[in-house]
Amino acid sequence: DMSAKNLASFKKLLVHRCGSLAKAWRQVLDCSGDGKVSHSEFTVACRAVGYSGDVAKLWRELDLDGSGIISLSELDKSAGLLVRRFYDGVANKYGDATKLFLVHCRLNEVQLASKASAPDGGLHLKKFESVCVELGIIGKQVDVLFGWLKKDDDRTYLLLSDIDPKAAGALKQQELQHREAVAASREAQKRQEQGARTLQQFKSLLRNKFGTLAYAWRKGLDISGDGKLSFSEFASACRAVGFAGQIKAVWNELDTDQMGSVTLAQFDRCAHNAIATFKELLIKKHENCLKGWLAELDQDKTQRCTSEELKSACVKLGYSGSADKLFEYLVVPGSRHLTLADIDLRAQEALARGDLDMMTVERRGARTSTVARQWLEQQNAADLEALRQAQHEHDKADRQASTLPALLQLMSQRFGNVVQAWKRGFDVDGSGSMSFSEFSKACRSLGFTKNIRRLWDQLDSDRSGTVSLREFAAEAHRDISEMQELLEQKFGNLLNAWFRGLDLNGNRSVDESEFLRCMRDVQFSGDAKRLFKWLLPLGRRALTIEDLDPKAASAMARGDWAMVGGRTPAAKSNGKELARAMAQSSIRMSDWQLDRFQSEADVLNYIQGKSDALIDVTEVDIARLRTLLVDMFGSLEQAWYLGFRRAFQPGDHDHGMKESEFLLAMRGFGFCGSVGHLFRQCSTDGCVTLESLVGAVKE
């Protein structure tokens, strides 16, 4: 090093020290990062690296244009041109390096500043390569440029400070200013809360904490939900929300009538009048808030009410106030819909108990005399006694069932229809059949105590020791079997049938019109309306995938879109050929599915057809994979979120999919053969992400 005395030996010295002239420029010469070196900076750098020659002569050899400064192009022309090409491309396409990182790291400025030195805030080689391709830089130049720009050789990613130190410093300063502003805002809010002294300041404090005074009353003050506050309740609530003023003085401002209690009317009269008027109209038309909710506000049975639904109900009820204002008073701030609890908490509790008449709810008045209170207590007792008597008569009728038709009728009344009675009363485990002990246990749990053996003998007509839906409800069994067979013939399996034939709008439910349309498409020969009612649980208006086929729901949860795994082999068949065929094809069928076939040969033909449907991807390229996934799911994004992500290990959603998880997902789609080459084509840093899958396909 000490023998370096001319430009050639000086360049060798820099390469020896730093690995390349471009790195030497960034690490030794242009330490300030401004892209240029003055004579004084150059002199200091030469001495620092151990150059012992004539610095002035060396400077003249480099500063050919006599500008008094030198650039990377004068030290290494090829490197200078490449770096300049990169920076010019970034400026033309993104404006500056900061926007480049914001776009490709998918962060905002605050997040980027907080992750300025973390991998999440950097560009890995794969992302950097895509940036360079956009700028027209390809091939080995990408790797060379990546190595030149990276200040730390141990890192595997570029930071904003590597490309533009000044921009990184400015972003860090913005983050500090943002943190200071947030801290100042919190401190100001804290001082405001602590400084609240009057009633108006107290209300302002509640608005800051809860959003609206009406919601503050429900969640911050009237915790018990009885509609009024005593002074002790008010004092406790004030301390809980951080009010440090004179509680007694605020109480006196609220309790203007000196009655010793405060209601919402004294706290927020506008909200009280609007809510009270609406409830009065609702109760006047439907007897109570619960029935009003079910009849007017939750007609679609979603257990929530939107602003538009509330407006429609207000028109029907004759409410003359502003529906938008009423919605604001009732809704939880930030939410877009109401629940029954927002309107009447006691009605929500009654619904949970199944008390639609709200007979078990304590009736409260603002102020009642002793005589009136005693009358109300007697009325409550009478109502409860009537409820108990009605339940007793219902249970008695259940216990008196002694014939099979009577049993089926009672079960249909309790569960809605005979199919739901089978699913929810008898075949609870979903095995497709029940033994006598299971039947006895179910009867006991449902209140049947007599003639169980005689009822069983009527059901088990073939004396096989088990009863299936075919014996329990032959007509329903025939229609359900036909429906499932038609869906499988057209869509391959019931899971695909759900997404491609039934739930076309993707709302995870199928109403009667959608179901009837699908049945017409597959040419179902039975009564489709009756079949829909058989499949529909009591109290619901739409089917879910669990109602159609619990095994399809389980397969969807596993990500097994081809429904080829996760089931136990059929126990009813003892044929060695059938067992071997099932093992070789990885196809499993339950006893209930085997009941649909007339012979073992029919089962073997079915398995062979399923096996032929498996797709060997050994020779499939990434473009063909894209086509298959789009055909299966509709788009690559849906394939990722509905298919691939279900194969992830818990907590790994943000880090991509490993090869083992990719293999599991592909098997679940019905793909067989080697998938390693596909994983290598669409993986980044050993993992597949949505971006790498789509990017790999587009390339």
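Note that the structure is predicted; figures quoted are calculated from it, not measured.

Draft legend 1. Inspection of the overall build of the chain at higher detail. Helices and strands together make up the secondary structure of the chain, namely 43 helices and 12 strands. Each of the 699 residues in the chain was classed as buried or not, and the buried ones make up 43%. Total accessible area computed for the chain in this model is approximately 36,800 Å², and 51% of it derives from carbon and sulfur atoms.

Draft legend 2. Fine view of unusual backbone geometry. Phi angles above zero are rare outside glycine, and Glu 287 is one such case at about 80°. Glu 287 sits in the exposed class, given a relative accessible area of 60%. Here the phi dihedral of Gln 523 falls at roughly 65°; this positive angle occurs in a residue that is not glycine. Position of Gln 523 relative to the elements: it lies in the loop between helix H32 (512-521) and helix H33 (528-535). The exposure class of Gln 523 is exposed, given its relative accessible area of 66%.

Draft legend 3. Looking closely at the pattern of salt bridges. All told, the structure shown has 11 salt bridges when counted by the stated rule. Across the pair Lys 285 and Glu 296 runs a salt bridge, and its minimum N-O distance is 3.0 Å. A residue pair is termed long-range when its members are at least 10 positions apart, and Lys 285 in helix H18 (residues 269-286) and Glu 296 in helix H19 (residues 289-297) qualify at 11 residues. Owing to a relative accessible area of 45%, Lys 285 belongs among the partly exposed residues under this scheme. In this structure Glu 296 comes out as buried when scored by relative accessible area, which is 8%.

Draft legend 4. A look at the side chain of Asp 549. As for its position among the elements, Asp 549 is in the loop between helix H34 (545-548) and helix H35 (550-558). We note that Asp 549 is buried and unpaired, the nearest opposite charge coming from Lys 551 at a distance of 5.2 Å. In contact with Asp 549, not counting residues within four places along its chain, are Leu 494 and Met 563.

Draft legend 5. Representation of the packing of aromatic side chains. Inspection of every chain in the model, using the stated rule, returns 15 aromatic pairs. An angle of 80° between the planes, with centres 5.6 Å apart, marks the rings of Phe 86 and Tyr 87 as edge-to-face. You can call Phe 86 buried: its relative accessible area is 0%. Ring geometry for Phe 436 against Trp 456: centres 5.6 Å apart, planes inclined by 70°, an arrangement best described as edge-to-face. Here Phe 436 is found in helix H27 (residues 436-445), whereas its partner Trp 456 is found in helix H28 (residues 452-459), with 20 residues between them in sequence.

Draft legend 6. Fine view of the environment of Gly 656. Relative to the elements of secondary structure, Gly 656 occurs in the loop between helix H40 (636-643) and helix H41 (659-668). Remark: the alpha-carbon pair of Gly 656 and Cys 687, spanning 31 residues in sequence, is separated by 5.2 Å.

Draft legend 7. Spotlight on the environment of Arg 414. Locating Arg 414 in the fold gives a position in helix H25 (residues 404-415). Counting along the chain gives 11 residues from Arg 414 to Gly 425, while the straight-line C-alpha distance between them is 9.5 Å.

Draft legend 8. Geometry of the packing of H27 against H28. In contact at an axis separation of 11 Å, H27 and H28 are set at 125° when each is read in the N-to-C sense. With respect to H28, the axis of H27 lies oblique. Taken as a pair, H27 and H28 cross one another with a handedness that is right-handed. Judged by residue contacts, Phe 436, Phe 439, Ser 440, Cys 443 and Arg 444 of H27 engage Ile 452, Arg 453, Leu 455, Trp 456 and Leu 459 from H28. Class assignment of the residues belonging to the contact of H27 with H28 gives a composition of 7 nonpolar, 1 polar and 2 charged.

Draft legend 9. Quick look at the packing of helix H30 (residues 474-491) against H33. One way to put it is that H30 packs onto H33 with a least axis distance of 11 Å and a crossing angle of 100°. In terms of their interaxial angle, H30 and H33 are classed as roughly perpendicular. Residues Glu 475, Ala 476, Asp 479, Ile 480 and Met 483 of H30 pack against Arg 530, Leu 531, Trp 534 and Leu 535 of H33. Tallied by class, the residues present in the contact of H30 with H33 amount to 6 nonpolar, no polar and 3 charged.

Draft legend 10. Quick look at helix H14 (residues 213-221). Burial of H14 is extensive: 7 of the 9 residues sit out of reach of the surface. Residues Leu 213, Ala 214, Tyr 215, Ala 216, Trp 217, Gly 220 and Leu 221 constitute the buried set of H14.

Draft legend 11. Representation of the confidence of the model for the chain within the structure. In the predicted model, the chain carries a mean pLDDT of 75, and the fraction of residues at 70 or more is 78%. By mean pLDDT, helix H37 (residues 591-594) is the weakest element of the chain at 44, and H32 is the strongest at 91. Confidence over residues 566-576 falls short of pLDDT 50; this stretch has 17 contacts with residues more than four positions distant or in other chains. Scored below 50 in pLDDT, residues 649-654 shows 5 contacts in the model against residues more than four places distant or in partner chains.

Draft legend 12. Structural context of the side chain of Asp 255. If you trace the backbone, Asp 255 turns up in the loop between helix H16 (247-254) and strand E6 (262-263). A distance of 3.1 Å separates a polar atom in the side chain of Asp 255 from the backbone nitrogen of Gly 260. Those residues within four positions of Asp 255 in sequence are excluded, and the remaining contacts are Gly 260, Ser 261, Val 262 and Gln 266.

Draft legend 13. Helix H4 (residues 55-62), seen in detail. Here H4 has its buried residues at Val 55, Leu 58, Trp 59 and Leu 62. Relative to the axis of H4, the buried residues are bounded by an arc of 100° and lie together on one face. Looking at the buried side of H4, the elements it contacts are helix H1 (7-18), strand E1 (37-38), helix H3 (39-49), strand E2 (69-70) and helix H5 (72-75).

Draft legend 14. Region of the structure containing the environment of Arg 17. With respect to the element layout, Arg 17 can be found in helix H1. Classification of Arg 17 as partly exposed rests on a relative accessible area of 43%. Through-space distance from the C-alpha of Arg 17 to that of Val 28 is 9.5 Å; in sequence the pair is 11 residues apart.

Rules of the game
Residues numbered from 1 in each chain as written. Predicted model: local features only at pLDDT ≥ 70, side-chain atom pairs only at ≥ 80, totals over all residues. Heavy atoms only, no water. Helix = DSSP H or I, 4+ residues; strand = E, 2+ residues; numbered from the N terminus. Buried < 20%, exposed > 50% of the residue type's maximum accessible area, 1.4 Å probe, protein only. Areas by Shrake-Rupley, 256 points an atom, 1.4 Å probe, with all protein chains shown as cover. Salt bridge = Lys/Arg side-chain N within 4 Å of Asp/Glu carboxyl O. Lys, Arg positive; Asp, Glu negative; His and termini not counted. Contact = heavy atoms within 4.5 Å. Phe/Tyr/Trp six-rings, centres within 6.5 Å; stacked < 30°, edge-to-face > 60°. Axes fitted to C-alpha atoms, helices over the stretch in contact; angles between N-to-C directions. Parallel < 35°, antiparallel > 145°, perpendicular 65-115°, else oblique. Left-handed = near helix turned anticlockwise from the far one by under 90°. Nonpolar A, V, L, I, M, F, W, Y, C, P; charged D, E, K, R; others polar. pLDDT = per-residue confidence, 0-100. Polar contact = N/O pair within 3.5 Å; in protein donor to acceptor, adjacent residues only side chain to side chain. Arc of directions from axis to C-beta.

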